[in-house]
Each structure stands twice: as C-alpha cells, then as structure tokens.
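Each chain, letter by letter, is given below.
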Amino acid sequence: MEQIKIIFFLLASFFGIEESKIAADKNTVTVYPKDHKIEIVQEHLFTIIQTEKDTALTLAQWEQLVNWKENKLPWAKELENFTNKDVTIENNEGTIAPRISFNYTDENDLRALGIWYDKEKNQYSINNVPREHTTSENGKLEGNYWIFDGGSTFSFTNEAFVDLPNEYKKLKLPITEISKD
C-alpha cells in the first residue's frame, strides 16, 4: 500500500508543509475524467489552539498559504506530475473556502491522492476510511472501497472531524477568528 501524503482536509498538505495547523471540517473532491481535472473545495477551515505557539504557527501558515504565489510556496513533491495547479481562497461573508485545482495526464498520477484507476473496468476507487465519514452521490460503497464510473464526473465528500473529541472541540477555532487583524 502506498503512503498517501496529500490529505484532502489539510490545506497545507498540498504544499508539503509539515505539521499542518489548518484543517477543513468538510471537503469535496470532484474528478473530471474527460478533462483530466481535479477540484477540491474545503469548507469551514479551523485550527486547534492549545498554546500561544499554536497561534503563532497557525498565523504563519495562514500567511504562507493565502499568499502562496507571492511567497513562491512550492507544491508538495507528490504533486509534481500535475499541471495547472491553482488555489483560490474565497471569502463569502466570513466563510473561507479554498478551491484547489489541477490537471493530470495519466490516471496513475491520481495514486498520489489515494485515487486508483482500473483500466480494464474503467473504474476509479478510493479506500473507505470510516472515521473520515465519506459520502458520495455517484459512487458505490463496496466493502472497503468507494467505486466510481470512469466515464463520467464523480465526487466524494469527507467530514473527518465529525467525531472530534469534546476536549478538542473546546479548542477549535474558525480560521476567520484567528486571521483577524
């Protein structure tokens, strides 16, 4: 089994930043096989603040990520085969939603994201990790895998922090609060 280092709900993982402090309560991954494009939308960004150091680290990471082009922040090594990589961070009435997109040339490149392609069946699949609360309107859950038709656009949503322990829920702070000047 390959180790997956790009974690959809950690914004900094797309840039290979270790110890990411910024997570998303919900993320939706959409794959457009005909266009060879992937789009990830993260919603309800938050951080867990336990110390002043956590606040400083989160603010520093947020500044790096928001200004990724100006900072010439390199993308994660695992994404080197992808092209047209982009992140836009939308702020709609205090709700921050990063939209990450890129293109791939070969379906096997998707393995870096934990998406496998079976050419014979023309199907994509991902592991079902129960604690990530994955859902999909156009995928089928078969055993430990979500299966998607390779001939059409498909998407899945993860909500990995639904079962966050109460002691961490108390420390959870929306990024909109931490990033205020």
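Every value quoted in this text rests on a predicted model; they were computed, and no experiment measured them. (Residues numbered from 1 in each chain as written. Predicted model: local features only at pLDDT ≥ 70, side-chain atom pairs only at ≥ 80, totals over all residues. Heavy atoms only, no water.)

A. Molecular detail of the pairing of strand β1 (residues 23-32). Within β1, seven of the 10 residues are buried, which leaves the element mostly enclosed by the surrounding structure. Pairing of β1 with strand β2 (residues 37-48), which is carried by nine bridges, proceeds in the antiparallel orientation. Within β2, the residue paired with Ala23 across the bridge is Phe46. Pairing geometry for β1 and strand β9 (residues 154-158), over five bridges, is antiparallel. Across the sheet, the residue bridging to Thr30 is Ser155, located in β9. (Buried < 20%, exposed > 50% of the residue type's maximum accessible area, 1.4 Å probe, protein only. Helix = DSSP H or I, 4+ residues; strand = E, 2+ residues; numbered from the N terminus. Pairing = 2+ DSSP bridges.)

B. Structural detail: the sheet that holds strand β5 (residues 116-118). Spatial ordering of the open sheet is given by β5-β6-β8-β7, a layout of four strands whose pairing is antiparallel. If you trace the sheet from one side to the other, it starts and ends with β5 and β7 (140-142), each paired once. In this sheet, adjacent strand axes meet at a mean angle of 35 degrees when their direction is disregarded. Pairing of β5 with strand β6 (residues 123-127), which is carried by three bridges, proceeds in the antiparallel orientation. In the strand pairing of β6, Tyr117 is matched with Tyr124. (Axes fitted to C-alpha atoms, helices over the stretch in contact; angles between N-to-C directions.)

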